[in-house]
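# Understanding the architecture of this molecule
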Amino acid sequence: MLSPTYTKTFTIPQSAIDENGHVNNVAYVQWMQDLAVEHYASIGGIEAQGADATWVVRSHRVEYFLPTYEGEEVEARTWVENIQRVRSLRKYEFVRKADGKTLVKGETDWVFVDVKSGRPVAIPQEVVGVFGQREK
């Protein structure tokens, strides 16, 4: 783990519930992206990256362990697992507060790209630095 864990607690809204009566799978992907952006912003990443480059998702991987229901309180956690030349792996966990059970685990492979060309570019040291570690 390269970065400190960013944690957020929230209550499952009715809008996340699907026809099966539990959280829709795609809601977790949205929450993963939201957490990543919140964490990155909270450590100064947006300022460090500048306007010429940005992060895009290469892939998401999500593993569902238990269903989650409206009104349940969930603790969401995210951290950066590694940083490579143009990519970064971020991991996530969603845990039910009432019993401490892991509901979902996920990860996102992010790629740093040039805004104009869409091509991968090396992650600047200023961006690597916001995570508190050196590039690997």
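The structure under discussion appears in the preceding block.
These lines cover the structure that appears in this document, whether it is placed above or below. Since the model is a prediction, treat every value here as computed from it, not as a measurement.

If you look at the biggest cluster of nonpolar residues, it comprises 29 residues, and the most contacted ones within it are Ile12, Val23, Trp31 and Phe94. Every element with two or more residues in this core is listed here: α1 (25–42), β2 (53–64), β3 (73–83), β4 (87–96), β5 (102–114) and α3 (125–130). No other element matches the seven residues that α1 contributes to this core. When sequence neighbours within four positions are dropped, the list of residues in contact with Val23 reads Ile12, Ala16, Ile17, Asp18, Tyr28, Trp31 and Thr68.

Attention now moves to the side chain of Glu75. Looking at the element boundaries, Glu75 is found in strand β3. Within the local environment of Glu75, its side chain forms a polar contact with the side chain of Arg77, the two groups lying 2.7 Å apart. Setting aside residues up to four positions removed in sequence, Glu75 forms contacts with Thr7, Lys8, Thr9, Glu93, Phe94, Val95 and Lys97.

Along its 18 residues, α1 runs 26 Å from first to last C-alpha, staying within 8% of the 26 Å computed at 1.5 Å per residue. The opening residue of α1 is Asn24, an N-cap whose side-chain oxygen sits 2.9 Å from the backbone nitrogen of Val26. Note on α1: the residue one or two positions beyond its end, Gly44, has a positive phi of about 90 degrees.

This part covers the sheet that holds β4. A sheet is described by the order of its strands in space; here five strands give the open sequence β1-β3-β4-β5-β2, paired in antiparallel fashion. Single-partner strands in this sheet number two, and they are β1 (6–11) and β2. Ignoring strand direction, the axes of neighbouring strands in this sheet form an average angle of 20 degrees. Direction of pairing for β1 relative to β3: antiparallel, over a ladder of six bridges. By the bridge assignment for β3, Thr11 is matched with Glu73. Against the sheet, α1 contacts β1, β2, β3, β4 and β5, and its axis sits at roughly 115 degrees relative to β4.

A separate point is the pairing of β5. Looking at chain direction, β2 and β5 are connected through eleven bridges and run antiparallel. Its bridge partner lying in β5, Glu63 is registered against Lys105. Taken together, the nine bridges between β4 and β5 define a ladder with antiparallel strand orientation. Each residue of the ladder has a partner; that of Arg90, found in β5, is Thr108.

What counts and how
- Residues numbered from 1 in each chain as written.
- Predicted model: local features only at pLDDT ≥ 70, side-chain atom pairs only at ≥ 80, totals over all residues.
- Heavy atoms only, no water.
- Core = buried A, V, L, I, M, F, W, Y, C linked by side-chain atoms within 4.5 Å.
- Buried < 20%, exposed > 50% of the residue type's maximum accessible area, 1.4 Å probe, protein only.
- Helix = DSSP H or I, 4+ residues; strand = E, 2+ residues; numbered from the N terminus.
- Contact = heavy atoms within 4.5 Å.
- Polar contact = N/O pair within 3.5 Å; in protein donor to acceptor, adjacent residues only side chain to side chain.
- Expected span 1.5 Å × (residues − 1).
- Pairing = 2+ DSSP bridges.
- Axes fitted to C-alpha atoms, helices over the stretch in contact; angles between N-to-C directions.

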